[in-house]
Structures are given as structure tokens and as C-alpha cells.
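Report on the structure
What follows is the residue order along each chain.
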Amino acid sequence: MMLKYIPLLCTAHALLAPSRRPLRPTRLPSSIGDVAPTAGATTSGTKSNKPVKTLEFLYPAAAAATTVAWTACACAALGTHPRLDLPPLHTRLTIAQALVPLPVLWATCQSLASAAGVGWSRLESATYRRLNLGLATASAWLPAAVWVPPGF
């Protein structure tokens, strides 16, 4: 029964918890000599900016697999009502409403795939770590909702 409060608690923690790292001011380049190294170059202490081809392929594949599974679950679960004889238009609209979150999934996976095309340095930034964390949380949350439906 308490599982339904996990997203609320995670959101509250993310908003209210103090940051463990102090914020560092970003330094803008003051001249041409201060510009960061090119995409193929490496510097001491940083990872290379080579594209991560495996992840660049896996993010869209995960989006496609999730879309197929999500659509199949929505059609199976919402295709018929066990007690009511509803018109087909109502059923189609209910299924369409269940498919509304899919564009967010596609945009997230596309963003992560393009970051993987740049390299590990982009994937290690705070924005893409948050996107990965959100995608992992949603990926764990959906099977839990299917496995224990009365708890949600």
C-alpha cells in the first residue's frame, strides 16, 4: 500500500535535500586560447569524447521496445470493460489517453542517444545523469505497477 507514495517521496527528496556538492561558477572562455579541447582530443583526468556507439543504438531500441510493450498493455488492459458495455469510441479514447506519456519517453531516449553520440563527457553531465535516473526509475516503476496493481 505504501508503494504509491514512492514517487512523491522521491520528488520531495530531490527538491528539499541539500546538494552534496557545492556549486561551482562556470568560467567562460576569455579568449580563443581558453576554448575547450576538440571532440577527439583528451586531456589528463578526463574521459575521451569518443561516441558511445552501443548506447547510441540501445536508447532508441529501448524506446521502441517500451513503446510496443506499453501499447500492448494498454490495448489488453483497456480494450474491454469487465462489467460495462461501452461504445468503441470510448475504448479507443481510453487507450489513446494511456499512450499520452510515450512522446516523453521518445524525447528522453532521443536526447540520451544524441548525448551518447557526443561521448562519455556529455553523458556524465548532471542533465543526462538525471535523465538516465528518471528513465531507470520509470522502467522499474512500470513493472512494479503491473506486478502489484492493488498497491497502486
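Scroll up to find the structure this text is about.
In this report, we go over the structure that sits alongside the text. (Residues numbered from 1 in each chain as written. Predicted model: local features only at pLDDT ≥ 70, side-chain atom pairs only at ≥ 80, totals over all residues. Heavy atoms only, no water.)

1. Description of the overall build of the protein
Operational definition: Secondary structure elements follow DSSP: runs of H or I of four or more residues count as helices, runs of E of two or more count as strands, with numbering from the N terminus. Three labels apply to residues, based on accessible area from a 1.4 Å probe with only protein chains included: buried if under 20% of the type maximum, exposed if over 50%, partly exposed otherwise in between. Every residue pair with non-hydrogen atoms within 4.5 Å of one another is taken to be in contact.
Per the secondary structure count, the protein includes six helices and zero strands. Along the protein, helices (α) and strands (β) appear in the sequence α-α-α-α-α-α when read from the amino end. A burial count over the protein gives 14% of its 152 residues as buried. Restricting to contacts in the protein with at least 6 residues of sequence separation, those with at least 24 account for 65%.

2. Focus: helix H3 (residues 88–98)
The criterion, for reference: For this quantity, the arc is that covered by the directions from the helix axis to the C-beta atoms.
Every buried residue of H3 is listed here: Thr 91, Ile 95 and Ala 98. Looking down the long axis of H3, one finds its buried residues gathered within 55° of arc, a one-sided arrangement. In H3, those exposed residues whose orientation departs by more than 90 degrees from the buried face are Leu 89, Arg 92, Leu 93 and Gln 97. Summarising the contacts, the buried residues of H3 are in contact with helix H2 (53–78).

3. Here we look at the environment of Ala 64
Mapped onto the elements of the fold, Ala 64 is located in helix H2. Exposure remark for Ala 64: the relative accessible area of 43% places this residue in the partly exposed category. The spacing of Ala 64 and Leu 105 is 41 residues in sequence and 9.7 Å in space, taken between C-alpha atoms.

4. Re the side chain of Thr 91
Structurally, the position occupied by Thr 91 is in helix H3. Take Thr 91: its relative accessible area is 16%, and that puts it in the buried class. Ignoring anything within four residues of it in the chain, the contact list for Thr 91 reads Leu 78 and Gly 79.

5. Examining the nonpolar core
Worth spelling out the cut-off: For this analysis, a nonpolar core means a set of buried residues of the types Ala, Val, Leu, Ile, Met, Phe, Trp, Tyr and Cys, connected via side-chain atoms within 4.5 Å.
Formed by 13 residues in total, the largest nonpolar core has its most connected members in Tyr 59, Leu 105, Cys 109, Leu 112, Leu 123, Tyr 128 and Leu 135. Within the residue set of this core, elements represented by two or more residues are H2, helix H4 (102–118) and helix H6 (126–147). With seven residues, H4 is the largest single contributor of residues to this core. Those residues in contact with Leu 135 that lie beyond four places of it in its chain are Tyr 59, Leu 105, Thr 108, Cys 109 and Leu 112.

6. Details of the environment of Arg 122
With respect to the helices and strands, Arg 122 occurs in helix H5 (residues 120–123). Expressed as a C-alpha distance, the spacing of Arg 122 and Asn 49, which sit 73 residues apart in the sequence, is 8.0 Å. Those residues within four positions of Arg 122 in sequence are excluded, and the remaining contacts are Ala 115 and Tyr 128.

7. Digging into the pattern of salt bridges
What counts is decided by this rule: When a carboxyl oxygen of Asp or Glu lies within 4 Å of a side-chain nitrogen of Lys or Arg, that pair is called a salt bridge.
In total, this model carries one salt bridge according to the counting rule given. A salt bridge links Glu 56 to Lys 53, with the shortest nitrogen-to-oxygen separation between them at 3.6 Å. Taken together, the residues span about one helical turn, with Glu 56 and Lys 53 both in helix H2 at a distance of three residues. The class of Glu 56 is partly exposed, set by a relative accessible area of 28%. The class for Lys 53 is exposed, based on a relative accessible area of 58%.

8. Regarding the packing of H2 against H3
Rule in force here: Every axis in this analysis is a line fitted to C-alpha atoms, fitted for helices over the stretch in contact. Angles between the N-to-C directions lie between 0 and 180 degrees. Crossings are assigned a handedness: left-handed for a near helix turned anticlockwise from the far helix by less than a right angle, right-handed for a clockwise turn. Gly is placed with the polar residues, together with every amino acid not listed as nonpolar (Ala, Val, Leu, Ile, Met, Phe, Trp, Tyr, Cys and Pro) or charged (Asp, Glu, Lys and Arg).
It is the contact of H2 with H3, at a shortest axis distance of 9 Å, that shows an interaxial angle of 145°. By crossing handedness, the relation of H2 to H3 is classed as right-handed. Every residue of H3 that contacts H2 at Trp 70, Ala 74, Cys 75 and Leu 78 is listed here: Thr 91, Thr 94, Ile 95 and Ala 98. Residue composition of the contact of H2 with H3, grouped by class: six nonpolar, two polar and no charged.

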